[in-house]
Amino acid sequence: MHEVALAEGVLRIVEDAAIRCQASRVHTVWLEIGALAHVEPRALRFCFDAVTRGSVADGAALEIETRPGMAWCMPCGEHVALAGFGDACPNCGSYQLQVVGGEEMRVKEIGVR
Amino acid sequence: MCTTCGCSHGETRIDGVPTPRTGSRSAFHHADPRALPLHRHADGSWHGSLRPTARPARHAAPLGAVHDAALAADRVVAIEQDILARNDAFAQRNRQTMHDRGIFALNLVSSPGSGKTTLLVRTIEALKASLAMAVVEGDQQTSLDADRIRATGAAAVQINTGRGCHLDAQMVGDALTTLDPAEDSLLLIENVGNLVCPAAFDLGETHKVVILSVTEGDDKPQKYPDMFRAADLMLINKVDLLPYVAFDVDAASARARAIRPGLPVMCVSATSGEGLAAWLSWIEHGCAAARNARDRNAEGLRRRVAELEAKLAAAARGS
């Protein structure tokens, strides 16, 4: 359940931004979460709702945009899609893969009023 | 941890002393008993209330203007910030402190019961004549592990995470302040026994070392890929028990390397001492590399000299 810590991290970023732009309320939070990131989106939603109670983002909608997993396959010499760690290259079956995308955990933007 | 709200009650303790954490500025639901629906914790206590949180519709704005929330215009504000940025900033501070002191720092991660503490005790016993060492122990409760470490003569700090499931960089930074580890030393951080959550949190360590014991099964790397992906070394522990369990060392290594290509693997037994020579030699090489990196970095040396001069000035004022 490290999603509690992650949700608190989201809230801290959102609160700082809300103060900077003098917003009275945050109604939407857009996250960018990679398919390979250390987070379970369902658990994150649950924790986000819990930690934002009573905050400037109380009741805010959490919109999660999933980024696909991408790796550089050394034998193929090209970028390939990667659904999860431990998967082989879909083209050649090799495990000599360097992950290049899909580990993002970012607050992208917030909707305020 | 409360299964309704996921709360961890801010119970982090270092050597039994509560640590004030700089938390969220807004009222997290614990500060406001009205914020959550009424629910019951595992210990039987009740938490929250049936009343919803009141939110004022109108508020004062800068220059004395009054905004009505319903009328104010919606805006979208770009943020583009990593969720773990705050942890990573603390981790970077820890990394710099350790770099400037030539410290080789290992973050030991595994499931509970893999033999981390026994391995640490054996490691300290073997190296204490030649190397300064300090240990940060992470557990939800008790100082049993730090007590075991202190019995070897090494300095140890116990972090109790309360209901938290991992160490974070700020906890380790606080522990470093308490420990004040020596120049050219080895820092061993024993994370909370958990094969999931500690993978996400950089503590500022030089390497994460994952420990897998043969009683756990050789399919763990596939089941918990994040941890094996984050590690720079895998120790297969309790190999003295291999004759009694169905654990395939080659299969476990191959599965780990499918997730983390090139992952070095060492087979050890903290109980019998088998294979420990390679592990100890790996640590000694790491310590030498940390010392060299510090000695080659003029900026780091300058920071360390300034830090020591400040200490000297304080000591001179005190004497």
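All residue numbers here refer to positions counted from 1 along the written sequence of the relevant chain. Whichever chain is written first is A, and whichever ligand is written first is 1; the rest continue in order. Local features in this predicted model are restricted to residues of pLDDT 70 or higher, and side-chain atom pairs are both shown and tallied only at a pLDDT of 80 or more, whereas totals for entire chains, interfaces and linings draw on every residue.

Draft legend 1. Broad picture of the sheet that holds strand β12 (residues 207-213) of chain B. Residues and elements named next belong to chain B. Strands are treated as partners if at least two bridges between them are detected by DSSP. Every helix listed is a DSSP run of H or I at least four residues long, and every strand listed is a run of E at least two residues long, numbered separately from the N terminus. The sheet built from 9 strands is open, its strands ordered β2-β1-β10-β9-β11-β8-β12-β13-β14 with mixed pairing. Each having just a single partner strand, β2 (17-18) and β14 (265-267) make up the two edges of the open sheet. Sheet topology note: the strand β1 (residues 13-14)/β2 ladder contains 2 bridges and is antiparallel. Bridge pairing in β2 places R13 opposite P18. C-beta atoms are first placed from the backbone for all residues, and any pair lying within 7 Å is then listed as a contact. Axis geometry follows a simple rule: fit a line to the C-alpha atoms, using only the stretch in contact for helices, then measure angles between N-to-C directions, giving values from 0 to 180 degrees. Along the sheet face, helix α4 (residues 169-179) touches β1, β9 (133-139), β10 (155-160) and β11 (186-190) and points at about 150° away from the line of β10.

Draft legend 2. Up close: helix α1 (residues 85-100) of chain B. All names here are of chain B. End to end, α1 covers 22 Å across 16 residues, agreeing with the expected 22 Å (1.5 Å per residue, within 8%). With C-beta atoms placed from the backbone, the exposure class of a residue follows from how many other C-beta atoms lie within 10 Å of its own: 20 or more, buried; 12 or fewer, exposed; in between, partly exposed. Taken as a whole, α1 has its buried residues at N87, F90, A91, N94, T97, M98, H99 and D100. On its buried side, α1 packs onto β8 (104-109), α4, β11, α8 (276-296) and α9 (298-318). One or two steps after α1, the chain reaches G102, where phi turns positive at roughly 65°. One fewer than the residue count of a helix, multiplied by 1.5 Å, yields its expected span.

Draft legend 3. Structural context of unusual backbone geometry. Residue and element names in this part refer to chain B. Even without a glycine there, the phi angle at E80 is positive, about 50°. Tracing the sequence through the fold places E80 in strand β7 (residues 75-82). Its 9 C-beta neighbours within 10 Å are what place E80 among the exposed residues. At D180, a position not held by glycine, the phi torsion is positive, near 45°. Structurally, D180 can be placed in the loop between α4 and β11.

Draft legend 4. Layout of the pairing of strand β13 (residues 233-237) of chain B. Residues and elements named next belong to chain B. The buried fraction of β13 is high, at 4 of 5 residues. Summarising the sheet, β12 and β13 pair through 5 bridges and their orientation is parallel. Among the inter-strand pairings, S213 is bridged to a residue of β13, identified as N237. By convention, orient the strands away from the viewer: a clockwise path from the first strand over the helix to the second makes the crossover right-handed. This β-α-β element, β13 to helix α7 (residues 249-259) to β14, shows right-handed connectivity.

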